[in-house]
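Here are the chains, one letter per residue:
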Amino acid sequence: MQSVLTLIGSKRKAPVTEELIVAVTAELGRAGLAAGNPKWLCEGEACDLPFAGMSASALVAARQAIGPATIDVAAIPAANRRKRLLIADMDSTLIDQECIDELAVEAGIGEHVADITARSMAGELAFEPALKERVGLLKNLPVDVADRVLAERITLKTGGRTLVATMRAAGAHTVLVSGGFTIFAEKIAKMLGIEEFHANRLLHEDGRFTGKVAEPILGRNAKVETLKATLARHDLAAEDVIAVGDGANDIGMVAHAGLGVALHGKPALVREADADIRHGDLTALLYLQGYTREEFHETEAGEP
């Protein structure tokens, strides 16, 4: 068997059952695909089903069996599943919010900025001019507002600490790369245990933002270059990396990775990703790599 279907659900909300595995296996057979013996990664929550044949056909068959249930499924190569580098977007990926939108709320222009952000992340607007426009609207906002936003409005995406801790324990390097801002990225990377971060720098004078961002802007192409540079430093190949994001700005990074994941992603990114996680949290990235629940380094206590 050359590929694996990984089914990921929730024991409480949408369990992966023996009956579902039987149904998926039957649909694979009807599609002319041979399935192997299932392997439980976590009983009731995640299961690997080896198969031989076209991944696209396997996904169609699996989704036919899953129906409306909120269960994720991915079809990925069985070889080299465990990656040695994790590179992750920050806003709406490692955290639940878009930091610039939260700053804009403090400036009284939240809805306007959120609309620009949404259009940029969907790929409707070019990233760099959209970023400059939004940053310009933050001119004269006190810098210390960022600390209040981080403390009161930003929440970590569920599963992030476990994902990072488990991969680091297995010897992987971890990187946060964001089109957002260092004023948040530095602290969020520390909260999650991520070793390295890259983001844009908001300029400020006399305790207030100037409405400008330092050049060059870290956008879609810069994310790819950061990934390539990190691989070179660690003597790794693209096949050794798992990349995760949610928006159009992540397309290049996700497409370049050996395993590119869209997490609750915009359609533009989903079309390019190897795995589309629509319902699960960041621990889904561990199941995609074949980790069992017993191998997780559980560190989510107290996380929102």
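Not measured: the values here are computed from a predicted model.

Student: Tell me about the packing of helix 6 (residues 145-152) against helix 8 (residues 182-192), and name the residues and values.
Tutor: Where helix 6 meets helix 8, the axes come as close as 10 Å, and the angle between the chain directions of the two elements is 40°. The pairing of helix 6 with helix 8 is recorded here as oblique in orientation. Handedness of the helix 6/helix 8 crossing: right-handed. Here A146, D147, V149 and L150 of helix 6 lie close against helix 8, whose contacting residues are I183, F184, K187 and I188. Among the residues forming the contact of helix 6 with helix 8, the class breakdown is six nonpolar, no polar and two charged.

Student: I'd like a description of helix 6, backed by residues and values.
Tutor: Those residues of helix 6 lying buried are V145, A146, V149 and L150. An end-on view of helix 6 places all buried positions within 135° of arc, on one side of the element. Turned more than 90 degrees away from the buried face of helix 6, the exposed residues are A151 and E152. Elements that come into contact with the buried residues of helix 6 comprise helix 3 (99-106) and helix 8.

Student: So, the side chain of D246: which residues are in play, and what are the values?
Tutor: Among the structural elements, D246 can be located in the loop between strand 11 (241-245) and helix 10 (251-256). A distance of 3.2 Å separates the side chain of D246 from the side chain of T93, its partner in a polar contact. Contact partners of D246, with chain neighbours within four places excluded, come to D89, D91, S92, T93, E98, L263, H264, G265, K266 and L269.

Student: Lay out the state of the cysteines in plain terms, naming residues and giving numbers.
Tutor: Tallied over the full model, the rule gives zero disulfides. C42 forms no disulfide, and the closest cysteine sulfur to it belongs to C47, at a distance of 11 Å. Given a relative accessible area of 7%, C42 falls into the buried group.

Student: Go over the sheet that holds strand 13 (residues 275-277) with me, naming the residues and quoting the values.
Tutor: Strand order across the open sheet formed by six strands is 8-7-6-11-12-13, with parallel pairing between neighbours. The open sheet terminates on both sides in strands that have one partner only, identified here as strand 8 (196-200) and strand 13. Neighbouring strand axes in the sheet, compared pairwise and without regard to direction, differ in orientation by 15° on average. Alignment of strand 7 (residues 173-181) against strand 8, held across four bridges, turns out to be parallel.

Student: Any chance you could break down helix 2 (residues 55-66) for me, citing the residues and the numbers?
Tutor: A rise of 1.5 Å per residue sets the reference length of helix 2, with its 12 residues, at 16 Å; its end C-alpha atoms lie 16 Å apart and thus fit the reference within 8%. Of the residues making up helix 2, those classed as buried are A58, L59, A61, A62 and I66. Taken around the axis of helix 2, the buried residues stretch over an arc of 165°, which confines them to a single face. When the buried face of helix 2 is taken as reference, the exposed residues oriented beyond 90 degrees from it are A56, V60 and Q64. Contacts from the buried residues of helix 2 go to strand 1 (3-8), helix 1 (18-30), strand 4 (46-52) and strand 5 (72-77).

About the thresholds
- Here the residue numbering is sequential within each chain, running from 1 through the sequence in written order.
- Only residues with pLDDT of at least 70 get local features here, since the model is predicted, and only at 80 or more are side-chain atom pairs given and counted; chain-wide, interface and lining totals rely on the full set of residues.
- Side-chain numbers come from the whole structure's heavy atoms, not from hydrogens or water.
- Working convention: axes come from line fits to C-alpha atoms, limited for helices to the stretch in contact. Angles between N-to-C directions cover 0 to 180 degrees.
- Numbering of helices and strands runs from the N terminus; a helix is a DSSP stretch of H or I covering at least four residues, while a strand is a stretch of E covering at least two.
- To sort the angles, those under 35 degrees are grouped as roughly parallel, those over 145 as roughly antiparallel, those from 65 to 115 as roughly perpendicular, and the leftovers as oblique.
- By convention the crossing between two helices is left-handed if the near helix lies anticlockwise of the far one by an angle smaller than a right angle, and right-handed if it lies clockwise.
- Throughout, a residue-residue contact means that at least one pair of heavy atoms, one from each residue, lies within 4.5 Å.
- Residues are sorted three ways: Asp, Glu, Lys and Arg are charged, Ala, Val, Leu, Ile, Met, Phe, Trp, Tyr, Cys and Pro are nonpolar, and all the rest, Gly among them, are polar.
- We call a residue buried when its accessible area falls under 20% of the maximum for its residue type, exposed when it is over 50%, and partly exposed in between, using a 1.4 Å probe and counting protein chains only.
- Summarising the geometry, the arc corresponds to the directions from the helix axis toward the C-beta atoms.
- Residues adjacent in sequence count toward polar contacts only when both atoms are side-chain atoms; beyond that, a polar contact is any pair of N or O atoms within 3.5 Å, and within protein one must be able to donate a hydrogen and the other to accept it.
- Note on disulfides: each one is a pair of cysteine sulfur atoms within 2.5 Å.
- We treat two strands as partners when DSSP finds at least two bridges between them.
- Multiplying one less than the number of residues by 1.5 Å gives the expected span of a helix.

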